[in-house]
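This is what each chain is made of:
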Amino acid sequence: MPESEQTMGAAGEPDHDALLRANLERVFNERDPLRRASALTDLFVEEPVMYEPTGVVRGRAAIATVAGKLLDQFGPTFRFTPTRKAVGHHGLGSLQWQAGPEGEPVLVTGADVAEIVDGRIARLWVLLDPPAV
């Protein structure tokens, strides 16, 4: 069964938690480029857009490149981890997360907010929390 069908909940609403957790695990924590590309095909519409604090990223391949560069930049044990269950309704979902090297202090926290169309991510906003003082 395709991942998009697995992430559909009752009454036609997507399973926001399953979809957004799959995005973190299968796209943003995936170090293998072929597996990351396959996940993007499963989880994202054909022409997705991702909004980051530093710019706008268009297309699955470009999102895959951003995810790969993040993982390369922060080292082999860097991971994104959800901090609570995702919430959503009427085509919008949100998942809070934290990230950092495994077993070390958290480096960044934030949330992914996704517009979901037919069970797939069409637009993704990556929102970073301000650094703790």
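The structure we're discussing is the one just above.
The structure displayed is predicted, hence computed values, not measured ones. (Residues numbered from 1 in each chain as written. Predicted model: local features only at pLDDT ≥ 70, side-chain atom pairs only at ≥ 80, totals over all residues. Heavy atoms only, no water.)

**Points about the packing of helix 2 (residues 16-28) against helix 3 (residues 33-43)**
Here is step 1: Their axes nearest at 9 Å, the elements helix 2 and helix 3 cross at an angle of 160°. Comparing the axis directions of helix 2 and helix 3 gives the class roughly antiparallel. Between helix 2 and helix 3 lies a crossing whose hand is left-handed. For the pair helix 2 and helix 3, the contacting residues are Leu19, Ala22, Asn23, Arg26 and Val27 in the first and Arg35, Arg36, Ser38, Ala39, Leu40, Asp42 and Leu43 in the second.
Here is step 2: In terms of residue class, the contact of helix 2 with helix 3 is built from six nonpolar, two polar and four charged. (Axes fitted to C-alpha atoms, helices over the stretch in contact; angles between N-to-C directions. Helix = DSSP H or I, 4+ residues; strand = E, 2+ residues; numbered from the N terminus. Parallel < 35°, antiparallel > 145°, perpendicular 65-115°, else oblique. Left-handed = near helix turned anticlockwise from the far one by under 90°. Contact = heavy atoms within 4.5 Å. Nonpolar A, V, L, I, M, F, W, Y, C, P; charged D, E, K, R; others polar.)

**What about the nonpolar core?**
Here is step 1: Counting residues in each nonpolar core, the largest one holds 28 residues, and the members touching the most others are Val27, Phe28, Phe44, Met50, Ile63 and Leu124.
Here is step 2: Of all elements in the fold, only helix 2, helix 3, strand 1 (44-52), helix 4 (60-74), strand 3 (78-82), strand 5 (92-101), strand 6 (108-117) and strand 7 (120-128) reach the threshold of two or more residues within this core.
Here is step 3: Every residue in contact with Phe44, bar those within four places of it in the chain, is listed here: Asn23, Val27, Arg60, Ile63, Arg120, Ile121 and Leu124. (Core = buried A, V, L, I, M, F, W, Y, C linked by side-chain atoms within 4.5 Å. Buried < 20%, exposed > 50% of the residue type's maximum accessible area, 1.4 Å probe, protein only.)

**Let's talk about unusual backbone geometry**
Here is step 1: One non-glycine residue with positive phi stands out, namely His90, at about 50°.
Here is step 2: Taking relative accessible area as the criterion, His90 reaches 72% and is therefore assigned exposed.
Here is step 3: A positive phi angle, near 50°, is found at Asp118, a position not held by glycine.
Here is step 4: Relative to the helices and strands, Asp118 is located in the loop between strand 6 and strand 7.
Here is step 5: Assessed through its relative accessible area of 74%, Asp118 is described here as exposed.

**Regarding the packing of aromatic side chains**
Here is step 1: Counted by the stated rule, this structure contains five aromatic pairs.
Here is step 2: Pairing Phe28 with Phe80 gives two aromatic rings, centres 6.3 Å apart and planes at 80°, and the pair type is edge-to-face. Placement of the pair is Phe28 in helix 2 and Phe80 in strand 3, with a sequence separation of 52 residues.
Here is step 3: Ring centres of Phe74 and Phe78 lie 4.8 Å apart, and the angle between their planes is 25°; this geometry places the pair in the stacked category.
Here is step 4: Here the aromatic cluster, defined as three or more aromatic residues joined through ring pairs, consists of Phe28, Phe74, Phe78, Phe80 and Trp97. (Phe/Tyr/Trp six-rings, centres within 6.5 Å; stacked < 30°, edge-to-face > 60°.)

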